[in-house]
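Commentary on secondary and tertiary structure
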Amino acid sequence: MEEQIENRVKKSPLVSFDLEDIVDKVTERKTIDLKENLFQGLVLREKDFRSFVKEHDWDQYDDCYVNLTCSTDAIIPNWAYMLLVSKLSPKAKLIVQGEKGDLEKEILRLKLNEIDYDQFQNAKIVIKGCSDLSHPEFAFTEITNKMMPYVNSIMYGEPCSTVPIYKAPKK
């Protein structure tokens with residue numbers, strides 16, 4: 001008599017959560033590099049910068065994620081970033097001062113804040129470990145922080161092979 005193989009993972013109460021499912025891979029990302037506006041590659045002159053801001057095509061940032069940066073070692077006054085944000089804010093989905101990596105982290109944070117964590121109340125969560133996230137340490141830190149108040153337990157990996165991370169205290 002042949003014994004039938006039982007899929008215990010499928011029968012378990014574990015809820016699998018894949019961070020890649022929430023990452024926005026569709027929305028265009030754009031960078032504004034202030035080095036293009038520096039006089040002699042060193043100084044941002046207000047009059048010239050205001051001309052740039054006035055003449056620039058801001059419509060190209062509609063529904064985009066935008067990071068503002070300066071890829072040279074120049075000191076950029078705070079008002080320059082503020083002026084850019086004043087033009088971008090009605091257009092862009094998200095504006096971040098920093099590198100592309102900073103933008104990706106903030107996009108992830110934005111998406112994590114959109115989740116209704118009540119759906120995970122008292123659940124046993126497995127946060128999928130294998131992914132192509134650009135900043136995995138940040139992503140796993142954030143999701144752990146967000147889920148802990150709701151879940152009974154958090155594990156890392158795959159349902160068939162997990163690493164225990166958190167167990168809620170008994171009430």
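Heads up: these notes are all about the structure in this document. (Residues numbered from 1 in each chain as written. Predicted model: local features only at pLDDT ≥ 70, side-chain atom pairs only at ≥ 80, totals over all residues. Heavy atoms only, no water.)

One pass over the full model with this rule turns up 8 aromatic pairs. Note on Trp-58 and Tyr-61: the rings are 5.8 Å apart at their centroids and 40 degrees apart in plane angle, and the pair reads as tilted. In this pair, the class of Trp-58 matches that of Tyr-61, namely buried. Pairing Tyr-117 with Tyr-150 gives two aromatic rings, centres 5.9 Å apart and planes at 25 degrees, and the pair type is stacked. Of the two residues, Tyr-117 is situated in the loop between α4 (100–113) and β7 (124–128) and Tyr-150 in the loop between α5 (136–147) and β8 (153–158); the sequence distance between them amounts to 33 residues. (Phe/Tyr/Trp six-rings, centres within 6.5 Å; stacked < 30°, edge-to-face > 60°. Buried < 20%, exposed > 50% of the residue type's maximum accessible area, 1.4 Å probe, protein only. Helix = DSSP H or I, 4+ residues; strand = E, 2+ residues; numbered from the N terminus.)

All right, on to the side chain of Thr-69 then. As for its position among the elements, Thr-69 is in strand β5 (residues 65–69). Ignoring sequence-local partners within four residues, the contact set of Thr-69 consists of Thr-31, Ile-32, Asp-33, Leu-34, Tyr-81, Gly-98 and Glu-99. (Contact = heavy atoms within 4.5 Å.)

Before going further, it helps to spend a moment on the layout of surface pockets. By volume, the largest pocket amounts to about 180 Å³. Taken together, 15 residues form the lining of the largest pocket, with Val-23, Glu-104, Leu-133, Ser-134 and His-135 sitting closest to its centre. At the level of elements, α4 and α5 are the ones that each hand at least two residues to the lining of the largest pocket. (1 Å grid on protein atoms, 1.4 Å probe; cavity = no way out; pocket = protein on both sides within 12 Å on 5 of 7 lines; lining within 4 Å. Points joined across faces, edges and corners; volume = space filled by probe spheres on them.)

Here we take up the pairing of β7. Across 4 bridges, the pairing between strand β1 (residues 14–17) and β7 is parallel. Note that in β7 the partner of Leu-14 across the bridge is Lys-124. The parallel pair β7 and β8 is bridged by α5, and the resulting crossover is right-handed. (Pairing = 2+ DSSP bridges. Right-handed = clockwise from strand over helix to strand, strands pointing away.)

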